Every structure is written in C-alpha cells, then in structure tokens.
Amino acid sequence: MISHLEILETNKMIREENLDIRTVTMGIDLLDTISDDMDKLCTKIYDKIALSAENLVKVADDTASKYGIPIVNKRIAITPIALVAGATKASSYVPIAKMLDKVSEQIGVNFIGGFSALVDKGYNESARALINSIPEALSETERVCASVNVGSTRTGINMDVVKVLGNTIKETSKLTADRDSIGSAKFVVFCNAADDNPFMAGAFHGVGQNDVALHVGVSGPGVVKKALEQVKGQSFEAMCECIKRTSFKMTRAGQLVAAEVANTLGVPFGIIDLSLAPTPAIGDSIAEIIEEMGIEVTGAPGTTLAVAVLNDCVKKGGVMAASRVGGLSGAFIPVSEDHAMIKAAEIGALTLEKLEAMSCVCSVGLDMVAIPGDTTASTISGIIADEMVIGMINGKTTAVRIIPVHGKGVGESVEFGGLLGRAPIMAVNKYSCEGIISRGGRIPAPIHSFKN
Amino acid sequence: MRGIITVIGKDKVGIIGKICILLSDNNVNILDISQTILQEYLNMLMIVDLSTSKVEFNELSEKLEQCAKELNMEIKLQHEDIFDCMHRV
C-alpha cells in the first residue's frame with residue numbers, strides 16, 4: 001500500500017519541482033517512401049507521418065492526465081532525409097522540409113527531427129544536397145530540425161564536411177537574422193550521433209530500428225536540486241546515493257508513461273533517454289544543481305567534477321529503473337535554456353572553453369551557445385572540430401549547436417523565447433584556425449588501446 | 001484499478017461531502033481517506049476504487065475538476081501506478 005508521504009512526495013516533485021516527461025518522440029522509418037519523383041516522395045512521406053502519428057498528441061495528453069504528470073513535448077523523428085531523398089536526384093530538399101513543417105503542424109507536434117545526413121565516412125550527392133538545403137530549409141520552416149553526423153569513434157571525422165558546416169551555420173544565421181538567427185538553434189552537428197535520441201534538435205530515426213518506435217525523455221533538474229538540499233555538506237557517497245535514488249524515481253515515471261503511450265498507440269516502445277534537461281524556468285536548471293553541489297557559480301573550478309558526478313549518478317539510478325536505455329542519456333548543458341547558466345555566462349564565470357571541458361563528461365556538447373555574428377566560418381568549423389574529436393577519442397556522443405548571431409556581438413543577448421530561452425553572446429578566442437580547417441580530408445579513426 | 005485523489009486549498013464547509021456525493025453518484029468506492037489542516041489549508045488524500053466506476057477515468061477526472069472550480073480548490077485524480085512505480089523497486 002502506498003503511503004501518504006509517498007503520494008505527497010511524488011506530487012511535490014510534479015507541482016513544485018518541475019518533474020515532467022520532457023518529450024515523447026515517435027520515430028518513423030521513411031525508407032519505404034523512397035521515390036525518384038520529388039512530388040511523389042513528398043506525398044508518401046506526408047501520408048506515412050500523418051497516419052503513424054495521427055493519435056500521438058491525444059494519447060500522450062490522455063496519459064499525462066491519467067498519471068497527473070505533464071508531458072511537455074510531443075515530437076517526431078524520421079529517417080535521415082539524405083537517405084530517403086537520394087533517388088530524386090534533386091539539388092534542393094527544401095520542398096521536403098516545407099512538407100515536414102506542414103505535417104507537423106497538422107498533427108500538433110512542436111518539432112520534427114531528421115532533416116539529416118550521416119557523412120562520417122563520406123559525402124554523397126544526396127548528403128550534399130541536404131546540407132546545401134539546410135540554411136533555406138531552416139529559415140523557411142518553424143518546426144523542422146536538422147542534424148549532420150560528421151564522425152564516429154570507429155570511422156574518424158569527415159573534415160571536408162566540418163569545413164563546409166562553418167559556412168552552413170553562418171548562412172543559416174544570416175537568413176534568419178530578423179529572428180535573432182534562430183535557424184541555427186535548430187541545427188546540430190554530431191560525432192557518434194545516437195540514432196534513437198528523442199531530444200531535439202538532433203533527433204532522427206536511424207536504420208535498423210522498428211518501422212515505428214516510441215522513445216521517451218524524462219526530466220526534472222529541480223527534483224535533483226531539492227533532493228540535494230537534504231545532503232548539504234555531506235560526503236560524495238551521500239551525494240551520489242541521493243542523486244541515484246532521485247534519478248531512479250524520475251526514470252520509473254518515464255518508463256510507466258512510455259509503456260502506456262506505446263501500448264495505447266500499438267507501437268513498440270523504443271528507449272528511455274536518461275536525461276536531465278533544463279528549461280529557462282527557475283527551479284528547472286542544471287546549473288542550480290551544480291551550484292547546490294558546492295560550486296559558487298557554474299564555470300568555477302570544480303564544475304567539470306560536479307557535472308561528471310551528476311551525469312554518472314543519473315545514469316546509475318536511471319538504468320535500473322528503465323527496461324531499455326538509449327538516446328543521449330545524461331545531463332544537458334544548453335546555455336540559453338538554463339537561467340543559472342545564462343547568469344554564469346553573463347558575469348563571465350562560464351566560458352566557451354569551460355563548456356567544452358564540461359562536455360567531455362556529460363551530455364552532449366556545446367549546446368545553445370550564442371557567439372558573435374562576425375565569427376568566421378573557419379573558426380566555427382574549428383569549434384565544431386574540437387568538440388567532435390572529444391567525442392571520437394572518448395567514444396561518446398558530442399554535439400555542437402552554436403548560433404553566430406548575425407549583426408550582434410559580445411555584451412549583447414538574444415531572445416529565442418519558449419523552451420529555447422535567452423542567450424548572452426559569448427566571447428570566442430580571436431586567433432585563427434584557418435590553416436588546419438582548410439586542409440580538408442578525413443581524420444583517421446583513433447586507436448583504441450594505450451588509453452591515456 | 002485504484003485512483004488517488006488529492007485535494008488542496010482553503011478549508012471550508014462541505015468539501016468532503018461534495019466530493020463524496022460526486023464519487024457515490026458515479027459508483028466509486030472510497031477505500032481510504034485522510035486529511036490534515038495547516039493554517040486553514042486543507043490537504044486531503046483519498047484512495048478510491050475505480051473498477052466499479054460508471055464513467056471512464058478521463059470523464060471522472062473532468063467532473064472532479066469541475067467540482068474543484070466550484071469549491072475554488074485544487075483537486076487531482078491520478079492512477080495509483082505512478083506512485084507505485086516511483087516508490088517500489
């Protein structure tokens with residue numbers, strides 16, 4: 001029999017500490033929609049998504065109400081479009097992006113991920129067409145998210161693409177200059193991309209999965225922060241135990257909701273992403289947890305330690321609570337989406353370099369970082385490349401979602417609104433990396449022995 | 001199937017009565033009930049048996065919400081599994 005204290009604890013987590021199911025994401029395979037005619041392809045994709053996800057929003061909302069836990073986002077992830085659209089031989093995939101935007105609006109999801117290309121080993125015509133379409137596609141749509149996987153631990157890094165993407169990001173920012181360059185906030189560059197990740201902007205439905213699958217990401221940084229207040233000043237063992245226990249409880253809620261939504265929709269359950277994702281709301285912040293652990297302001301020495309311990313304990317507690325785990329699984333550090341991280345960046349405690357160090361030990365990389373609009377394309381490629389090698393060498397997923405804000409510089413800030421939040425423009429090292437980026441080619445895969 | 005009803009808000013006459021009538025009208029049996037009052041604020045928990053309910057979960061939930069509006073309180077119906085799963089290994 002459940003005790004009253006347990007009922008009150010759960011409801012306090014939901015009501016006061018922002019425990020929620022951050023996203024229910026339906027992965028949809030599009031390989032059976034391939035056609036050599038662009039119009040036919042668009043129609044087939046539209047029909048498949050509209051049919052598969054017809055009831056997603058309603059079922060998710062009903063489940064949220066049954067258990068009294070909010071499901072914040074309902075989303076779609078699709079097979080990377082570069083794999084699907086190649087047969088059309090089209091030079092632009094913008095019509096596909098527009099159709100994806102339309103079908104997403106119709107079924108009521110707020111984002112659709114998978115305007116993507118996987119180019120870690122090479123770069124075919126379809127991937128080229130997709131990457132060339134990204135700036136226009138992201139500027140002319142609202143809900144479409146794009147991603148490119150440029151490397152992996154097994155294959156190395158495709159530096160030809162990394163070089164191109166510096167320009168792609170700049171161009172995307174320029175085309176959305178009237179909206180604070182929001183286009184670039186919908187584009188992620190990956191190393192070791194997870195093909196079952198439910199979180200945006202990097203979600204896509206990889207090959208080798210079910211035709212349709214349901215993935216869930218849980219979140220509740222506020223719950224962890226509140227729990228940590230009970231072990232203030234105590235040892236690392238006590239702190240780790242506290243995070244693990246809290247993560248277990250939160251993940252269990254995610255597992256319950258995932259199973260129920262999947263079952264009601266008649267779709268196989270995919271994975272739970274063991275995650276702590278912030279929102280701009282007070283009390284829903286990763287940086288607040290870091291600060292509760294004993295760091296004055298996020299970015300101070302000890303921050304990498306704090307985020308590593310947090311990340312590891314979230315996984316340890318969550319793994320036991322979930323039947324299958326996948327996605328990005330870890331604590332996210334998107335600057336613009338975390339009010340305490342925004343503050344840390346504004347007062348200069350948190351720098352780009354410290355964020356890079358933090359991304360070595362947590363999920364998932366340089367995320368929602370605004371930089372000056374006049375940052376050169378090669379410097380952006382250099383920032384991407386640094387983050388990608390961290391992933392490649394350490395066998396983890398790393399990502400870059402960086403926004404060079406057109407027409408703005410350090411000291412200014414941008415307001416994206418909603419979950420994307422507000423970002424202070426952070427300083428970038430002013431020295432050039434043009435020489436190494438212009439080399440092009442591929443970085444060979446790293447050796448997996450002699451780990452130092 | 002059991003549900004948990006939580007009621008939070010400023011204490012006044014007839015809260016339990018009104019909710020009990022609503023549950024009785026819909027053939028929902030109350031298995032357990034407890035309340036605390038702290039500085040005029042009522043915090044009540046009810047464990048109810050939904051297996052005999054005349055209406056679906058969502059409909060009962062909406063009726064309770066309507067009742068909450070009339071009483072100017074917060075009333076929430078949740079399936080018990082959310083608590084079980086979080087607090088039992």
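Some words on the overall build of chain A
When you go through chain A residue by residue, the secondary structure sums to 15 helices and 15 strands. Taken over the C-alpha trace, chain A has a radius of gyration of 21 Å; the compact-globule value for 452 residues is 22 Å, and the two agree within 12%. In terms of overall dimensions, chain A has a C-alpha envelope of 60 × 50 × 50 Å along the principal axes. In chain A, which comprises 452 residues, the proportion classed as buried is 63%. With an accessible surface of roughly 16800 Å², chain A has 52% of that area assigned to carbon and sulfur atoms.

Digging into the pattern of salt bridges
Residues and elements named next belong to chain A. Tallied over the entire structure, the rule returns 29 salt bridges over all chains. A salt bridge links K48 to D32; the nearest nitrogen and oxygen atoms lie 3.0 Å apart. Here K48 is found in helix α2 (residues 38-52), whereas its partner D32 is found in the loop between β1 (20-28) and α2, with 16 residues between them in sequence. Of the charged contacts, one joins D180 and K408 as a salt bridge, the two residues approaching to 3.3 Å between their closest N and O atoms. Residue D180 is located in the loop between α7 (159-175) and β6 (187-191), and its partner K408 is located in the loop between β12 (398-405) and β13 (413-415); the two are separated by 228 residues in the primary sequence.

As for the environment of T304 of chain A
Residues and elements named next belong to chain A. Looking at where T304 falls in the secondary structure, it is placed in helix α11 (residues 303-321). For the pair formed by T304 and M358, sequence separation is 54 residues and the distance between their alpha carbons is 5.0 Å. Discounting residues that sit within four places of it in the chain, T304 has contacts with K354, A357, M358 and V361. A distance of 3.1 Å separates polar atoms of two side chains, one belonging to T304 and the other to K354.

Observations concerning the interface of chain B and chain A
Facing 25 residues of chain B, the contacting portion of chain A comprises 26 residues. For the pair chain B and chain A, the summed buried area comes to about 2400 Å², and 62% of that belongs to carbon and sulfur atoms. Inspection of the chain B/chain A interface yields two salt bridges. Among the salt bridges present, the one from E6 of chain A reaches R88 of chain B, with a minimum N-O distance of 2.8 Å. At the surface where chain B touches chain A, the tally comes to 13 residue pairs in polar contact (both at pLDDT 80 or more). Broken down by secondary-structure element, the contributors of at least two residues to the side of chain B that touches chain A are β1 (2-10), β2 (29-38), β3 (41-49), α2 (57-71), β4 (74-79) and α3 (81-87) of chain B. Among the elements that line the side of chain B that touches chain A, the one with the most residues is α3 of chain B, at seven residues. Considered class by class, the residues forming the side of chain B that touches chain A number eleven nonpolar, seven polar and seven charged.

Points about the domain arrangement of chain A
Residues and elements named next belong to chain A. Domain annotation for chain A reports domain 1 (22-191) and domain 2 (216-446). Computed from C-alpha coordinates alone, the two centres of domain 1 and domain 2 are separated by 21 Å. Domain 1 puts 48 residues into the contact, and the matching count from domain 2 is 58 residues. Of the roughly 4100 Å² buried where domain 1 meets domain 2, counting both sides, 67% is carbon and sulfur surface. At the junction of domain 1 with domain 2, the criterion picks out three salt bridges. Notably, a salt bridge pairs K66 with E260, separated by 3.1 Å at the nearest N-O pair. Applying the counting criterion to the domain 1 and domain 2 interface returns 24 residue pairs in polar contact (both at pLDDT 80 or more).

Structural notes on helix α5 (residues 94-107) of chain A
Residue and element names in this part refer to chain A. When the terminal C-alpha atoms of α5 are compared, their 20 Å separation across 14 residues agrees well with the 20 Å that a helix rising 1.5 Å per residue should span. Buried within α5 are the following residues: V94, I96, A97, M99, L100, D101, V103, S104 and I107. The positive-phi residue at the C-terminal boundary of α5 is G108, with phi of around 90°.

Conventions adopted
Here the residue numbers are simple positions, counted from 1 along each chain's written sequence. Lettering for chains starts from A, numbering for ligands starts from 1, and both go in the order in which the items are written. With pLDDT at 70 or above as the cut-off, local features in this predicted model cover only qualifying residues; side-chain atom pairs require 80 or more to be listed or tallied, and sums for whole chains, interfaces and linings still use all residues. Hydrogens and water are ignored here; the side-chain numbers use all heavy atoms of the structure. A run of DSSP states H or I qualifies as a helix once it reaches four residues; a run of E qualifies as a strand once it reaches two. Both are numbered from the N-terminal end. Each radius of gyration is computed over the set of C-alpha atoms, and the globule rule expresses the reference value as 2.2 Å times the number of residues to the power 0.38. Think of it in three bands: residues with accessible area under 20% of the maximum for their type are buried, residues over 50% are exposed, and the middle band is partly exposed, with areas taken using a 1.4 Å probe on protein chains only. Accessible surface is estimated by sampling points in the Shrake-Rupley manner with a 1.4 Å probe; for residues, cover comes only from the protein chains shown. Salt bridge criterion: a side-chain nitrogen from Lys or Arg within 4 Å of a carboxyl oxygen from Asp or Glu. Here, residues are in contact when the closest pair of their heavy atoms is within 4.5 Å. The term polar contact refers here to a pair of N or O atoms within 3.5 Å; inside protein, the definition further demands a hydrogen-donor-capable atom paired with an acceptor-capable atom, and it admits residues adjacent in sequence only when both atoms are side-chain atoms. When two parts are put together, the accessible area they lose, computed with a 1.4 Å probe and summed over both, is reported as buried area. For this scheme, ten residues count as nonpolar: Ala, Val, Leu, Ile, Met, Phe, Trp, Tyr, Cys and Pro. Four count as charged, namely Asp, Glu, Lys and Arg, and the remainder, Gly too, count as polar. What counts as a domain boundary in this text is fixed by an automatic or database domain assignment. Multiply 1.5 Å by the residue count of a helix minus one, and that product is the helix's expected span.

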